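Residue-level structure breakdown
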Amino acid sequence: MIYFDNSATTKINTESLDTYVKVSEKIWGNPSSLHSFGEQSFHLLQQSRQQIANLLDVKTNEIYFTSGGTEGDNLILKGTALAKQEYGKHIITTSIEHPAVINACQQLERQGFEVTYLPVDENGRISISDLKEAIRKDTILVSVMLVNNEIGSIQPINEIAEYLKKFPSIHFHVDAVQGIGKGLKFILKNNRIDFLTFSGHKFHAPRGIGFIYKKFGRHIMPLMDGGGQESNLRSGTENLPAIAAMAKSLRLLLENETESVNKQRLIKEKIYNHLSQFENVTIFSKLNDELFAPHILCFAISGVRGETIVHAFESNDIYISTTSACSSKKNETSGTLSAMQVPQSIADSAVRISLDENNTLEEAKMFNQVFDTLYKKFSKING
């Protein structure tokens, strides 16, 4: 089997799974309990928090655990809206955000907030000039993803951050779910970023666990009230086994990041160069390292629907996806490609390869061989 669908989810690594099992078996007390068994759990909870904070070069009290990327995005967007609505009700985001952001913004619009959705160019990137024009006196939040989950475009986060220094009261949120461990730490370290969202299952941690970075001093309202866990920001008994496993997964991801990224870049390049030879293939993810992440390659075969391509590769034990796992079973056209003004006939044919450090050049070679066979088959069918 060749698994090229890592942007949808990754396989939990062995070391993290071992941690999950050991914590479940041996440290299963409630971190909020007063007895020594609860204290043991609380110590591990804080140790995991500190490890993640150290890996990201932030303060320990700036890390908050969630159930994943969707909750993190909703917590930051809606939490900002609730906390700052007396100062303004205008939010700026992009037209190619993950549904967790787009749908949250649409809900806020139904509650009286105004949202500006910035357009993107042919590379799926926003314009700084568009952002400058969109900012108003009542703007309370700018939310821009680091790496697009469909085509892998990298947004100009540092340029946005630099401009937002003129507006210190505006919250700046970056959805970093697809950007962690992809050689972009220099962006994540920008001190003008107020909030970052992460999801564990994107980097070999268990599903159902994630975390946000919230800069010290920035205030958002909690969405769930209860026992006051996570410093009253996210109530609910902590999923300690998953948290400890996620901390380990993040350490393993980042300790060999440079080597891993270079490997993924070579695999992407090998497939990209091969696909570029075919007349009826359109590639949306360029090789430019400044504009596109190293692990995502989105392309289309004219006249062949994306789901047909996915199942054709699946019959050869190669697993890819249509452009987004969240919309693949809904038969929805790629929101990113639509925003890029790609004709629907081509957008409906788009599929995505997404890599991780476990993929190999040999797998890329096998993919290219299978592609040749399938391309001939599709060409014959389509005349």
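Treat the numbers as computed from the prediction; the structure is a model and nothing was measured.

Topic: the sheet that holds strand 8 (residues 210-214)
- Judged by pairing direction, the sheet is mixed, and its seven strands sit side by side in the order 2-8-7-6-5-3-4 without closing on themselves. One side of each edge strand has no neighbouring strand; the edge strands of this open sheet are strand 2 (63-66) and strand 4 (114-118). Across the sheet, the mean angle from the axis of one strand to that of its neighbour is 20°, orientation sign disregarded.
- Judged from the three bridges that link them, strand 6 (residues 171-175) and strand 7 (residues 195-199) form a sheet pairing that is parallel. Among the inter-strand pairings, valine 174 is bridged to a residue of strand 7, identified as leucine 196.
- Seen against the sheet, helix 3 (residues 69-84) touches strand 2, strand 5 (139-143), strand 6, strand 7 and strand 8 and runs at an angle of roughly 155° to strand 7.
- Where helix 6 (residues 157-164) meets the sheet, it contacts strand 5 and strand 6, and its direction lies at approximately 170° from that of strand 6.

A closer look at the pattern of salt bridges
- The final tally for this structure, using the stated rule, is 14 salt bridges.
- A salt bridge links lysine 189 to aspartate 57; the nearest nitrogen and oxygen atoms lie 2.9 Å apart. Residue lysine 189 is located in the loop between helix 7 (185-188) and strand 7, and its partner aspartate 57 is located in the loop between helix 2 (36-56) and strand 2; the two are separated by 132 residues in the primary sequence.
- Its salt-bridge partner being aspartate 138, residue arginine 136 comes within 2.9 Å of it at the nearest N-O pair.
- A residue is classified by how much of its surface remains accessible, and arginine 136, at 31% relative accessible area, is partly exposed.

Looking at helix 3
- Across its 16 residues, helix 3 extends 22 Å between first and last C-alpha, which sits within 8% of the 22 Å expected from 1.5 Å per residue.
- Within helix 3, 14 of the 16 residues are buried, which leaves it mostly tucked inside the rest of the structure.

Cut-offs used in this document
Residues numbered from 1 in each chain as written. Predicted model: local features only at pLDDT ≥ 70, side-chain atom pairs only at ≥ 80, totals over all residues. Heavy atoms only, no water. Pairing = 2+ DSSP bridges. Helix = DSSP H or I, 4+ residues; strand = E, 2+ residues; numbered from the N terminus. Axes fitted to C-alpha atoms, helices over the stretch in contact; angles between N-to-C directions. Contact = heavy atoms within 4.5 Å. Salt bridge = Lys/Arg side-chain N within 4 Å of Asp/Glu carboxyl O. Buried < 20%, exposed > 50% of the residue type's maximum accessible area, 1.4 Å probe, protein only. Expected span 1.5 Å × (residues − 1).

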